[in-house]
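Results of the structural survey
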Amino acid sequence: DKHRQSTAMLSQLIERFVKRLCGRWLRGFDGSQVNVSLGGTVTLEHLDLKTEELRALLLPYEPVSASVRRLRLEIDPLSSSLRVDVENVDVALTARSAFDAADARDAVERAVHLYFTTYLRPPKQAQNDAGAAALRDLLKSSEVVLRRLHVRVTQSLALRALGDGCGPPVRAGFFLERLDVRSAP
């Protein structure tokens, strides 16, 4: 019973942390999507991503929907290693009817600046030296595995086939079965 209480408290802490850090990107996230193991594994399931933030970047393709079935973090404190497994990522995009590259570049620069100033402030040196060192060690031995990425793109503009301006919409997509990324030893 104590084990169950500890796991429930840890799940609540992680839910609050995820909401604080990623809440603007997640739609309808709650504690039922968090599974915690006292052994160092955190699993987030059935994540529906908000696309409004990405739309504001004015990229050539506008996100219609994006979801992740499972995101699992495994932290091994003994070996100071981190493994991130991301499974079943589904993204639907549509082409914008008008695209201005200069406006898009400015929007991306603003978003990156906002992200860095909001989330990646330098830590206070006196209090976080040990935490920062532990994070650096963890990232030195990390692995990210992406399984089953599916991206669908719909071109909503009609093709100009034979110059008549009438053509069917174009649909394309790609599927990536697996991608492994490991930090260099």
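Conventions used here
Residues numbered from 1 in each chain as written. Predicted model: local features only at pLDDT ≥ 70, side-chain atom pairs only at ≥ 80, totals over all residues. Heavy atoms only, no water. Helix = DSSP H or I, 4+ residues; strand = E, 2+ residues; numbered from the N terminus. Buried < 20%, exposed > 50% of the residue type's maximum accessible area, 1.4 Å probe, protein only. Contact = heavy atoms within 4.5 Å. Areas by Shrake-Rupley, 256 points an atom, 1.4 Å probe, with all protein chains shown as cover. Core = buried A, V, L, I, M, F, W, Y, C linked by side-chain atoms within 4.5 Å. Salt bridge = Lys/Arg side-chain N within 4 Å of Asp/Glu carboxyl O. Expected span 1.5 Å × (residues − 1). Arc of directions from axis to C-beta.

Quick notes on the overall build of the chain
For the chain, the helix and strand inventory stands at four helices and seven strands. Listing the helices and strands of the chain from first to last along the sequence gives α-β-β-β-α-β-β-α-α-β-β. The proportion of buried residues among the 185 residues of the chain is 23%. Expressed as a percentage of contacts within the chain between residues at least 6 apart in sequence, the contacts between residues at least 24 apart total 63%. Accessible surface, the chain: about 12,700 Å² in total, of which carbon and sulfur atoms supply 59%.

A closer look at unusual backbone geometry
For H46, which is not glycine, the phi dihedral falls at a positive 55 degrees. The exposure class of H46 is exposed, given its relative accessible area of 54%. Within the chain, R148 stands out as a residue other than glycine whose phi angle is a positive 60 degrees. With a relative accessible area of 29%, R148 lands in the partly exposed category.

So, the side chain of S11
Here S11 shows up in helix α1 (residues 2-22). In contact with S11, not counting residues within four places along its chain, are V34 and V36.

Concerning the environment of K50
Residue position: K50 is located in the loop between β3 (41-49) and α2 (52-55). Taking the C-alpha atoms as reference points, K50 and A66, separated by 16 residues in sequence, lie 7.4 Å from one another. Residues contacting K50, with those up to four places away along its chain left out, are G23, R24, W25, L26 and R27.

Side note on the nonpolar core
Counting residues in each nonpolar core, the largest one holds 20 residues, and the members touching the most others are F29, L44 and V89. Elements supplying a minimum of two residues to this core: α1, β2 (34-37), β3, β4 (61-76), β5 (81-95) and β6 (142-155). Tallying contributions element by element places β5 first for this core, with six residues. Residues contacting V89, with those up to four places away along its chain left out, are S67, V68, L146, R147, R148, L149 and H150.

A few points about the side chain of E143
Examined against the element boundaries, E143 turns out to sit in strand β6. Residue E143 is classed as buried on the basis of its relative accessible area of 14%. The contacts of E143, once residues within four sequence positions are left out, are L82, R83, V84, D180, V181 and R182.

Remarks on the pattern of salt bridges
Counted according to the given criterion, the structure contains 15 salt bridges. In this structure, the salt-bridge partner of R27 is E52, at a minimum N-O distance of 3.5 Å. Residue R27 is found in strand β1 (residues 26-27), and its partner E52 is found in helix α2; the two are separated by 25 residues along the sequence. On the basis of relative accessible area, R27 is assigned to the partly exposed category, the value being 36%. Residue classification places E52 among the partly exposed positions, given a relative accessible area of 41%. Where R70 meets E87, a salt bridge forms, and the shortest distance between an N and an O atom there is 3.1 Å. Of this pair, R70 sits in strand β4 while E87 sits in strand β5, placing them 17 residues apart in sequence. Taken as a pair, R70 and E87 share a single burial class, namely buried.

Considering α1
Given a rise of 1.5 Å per residue, 21 residues ought to cover 30 Å, and the 30 Å separating the end C-alpha atoms of α1 matches this to within 8%. Among the residues of α1, T7, S11, I14, E15 and V18 are the ones counted as buried. Buried residues along α1 cover an arc of 110 degrees about the axis, so they all sit on one side. Opposite the packed face of α1, turned more than 90 degrees from it, sit the exposed residues K2, M9, L13, R16 and R20.

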